[in-house]
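# Summary of structural features
Here's the letter readout for the chains.
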Amino acid sequence: MTVKVIEVVGESKNSWQEAVENAVRDASKTIRNITGIEVRNQTANVQGGKIVEYKANVAIAFKVEGSTEA
């Protein structure tokens, strides 16, 4: 099997968990066969001493269509 990995950035006003979930949900709209993820980095925007936006860099792995099974 051949797997491709791409990196996306998910965003949320509420939490890093939701930022990751948003990244996976949005990527799954155009990418089939997602097999796993790796959260590579978490950052946030701050205004007035408060976090106003959470961001998560997420590596998304998916099976390349037509590749053979291992």
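Right above here is the structure, for reference.
These notes cover the structure that comes with them. This is a predicted model, so every value here is computed, not measured.

### Remarks on the pairing of strand β2 (residues 34-47)
By the bridge criterion, 12 bridges tie β2 to strand β3 (residues 50-63) in an arrangement that is antiparallel. Its bridge partner lying in β3, Val 39 is registered against Val 58. Joining the antiparallel neighbours β2 and β3 is a turn of 2 residues, in which Gly 48 adopts a positive phi near 60 degrees.

### With respect to the nonpolar core
Among the nonpolar cores identified, the biggest contains 9 residues, and these are Ala 19, Val 20, Ala 23, Ala 27, Ile 31, Ala 56, Val 58, Ile 60 and Phe 62. Broken down by secondary-structure element, the contributors of at least two residues to this core are α1 (16-27) and β3. Sequence-distant contacts of Ile 60, defined by excluding residues within four places in its chain, comprise Lys 4, Val 5, Ile 6, Val 8, Ala 23, Val 24, Ala 27, Ile 34, Gly 36 and Ile 37.

### Section: a nonpolar patch on the surface
A cluster of nonpolar residues, Met 1, Val 3 and Val 5, forms a patch on the protein surface that exposes about 250 Å² of accessible area. With respect to the helices and strands, Met 1 occurs in the segment before β1 (3-12). Judged by its relative accessible area of 45%, Met 1 is partly exposed.

### Observations concerning the sheet that holds β2
In any sheet, the strands associate via hydrogen bonds between backbone groups, in a parallel or an antiparallel arrangement. Spatially, 3 strands are ordered β1-β3-β2 in an open sheet, and the strand pairing comes out antiparallel. Where the open sheet ends on each side, the last strands, each with one partner, are β1 and β2. Each neighbouring strand pair of the sheet contributes to a mean axis angle of 15 degrees, computed without reference to strand direction. On top of the sheet, α1 reaches β1, β2 and β3; it is set at about 40 degrees to β3, its chief contact.

Reading the values: rules and limits
- Residues numbered from 1 in each chain as written.
- Predicted model: local features only at pLDDT ≥ 70, side-chain atom pairs only at ≥ 80, totals over all residues.
- Heavy atoms only, no water.
- Pairing = 2+ DSSP bridges.
- Helix = DSSP H or I, 4+ residues; strand = E, 2+ residues; numbered from the N terminus.
- Core = buried A, V, L, I, M, F, W, Y, C linked by side-chain atoms within 4.5 Å.
- Buried < 20%, exposed > 50% of the residue type's maximum accessible area, 1.4 Å probe, protein only.
- Contact = heavy atoms within 4.5 Å.
- Patch = residues over 30% accessible without salt bridge, like charges linked within 9 Å, V, L, I, M, F, W, Y side chains within 5 Å.
- Areas by Shrake-Rupley, 256 points an atom, 1.4 Å probe, with all protein chains shown as cover.
- Salt bridge = Lys/Arg side-chain N within 4 Å of Asp/Glu carboxyl O.
- Axes fitted to C-alpha atoms, helices over the stretch in contact; angles between N-to-C directions.

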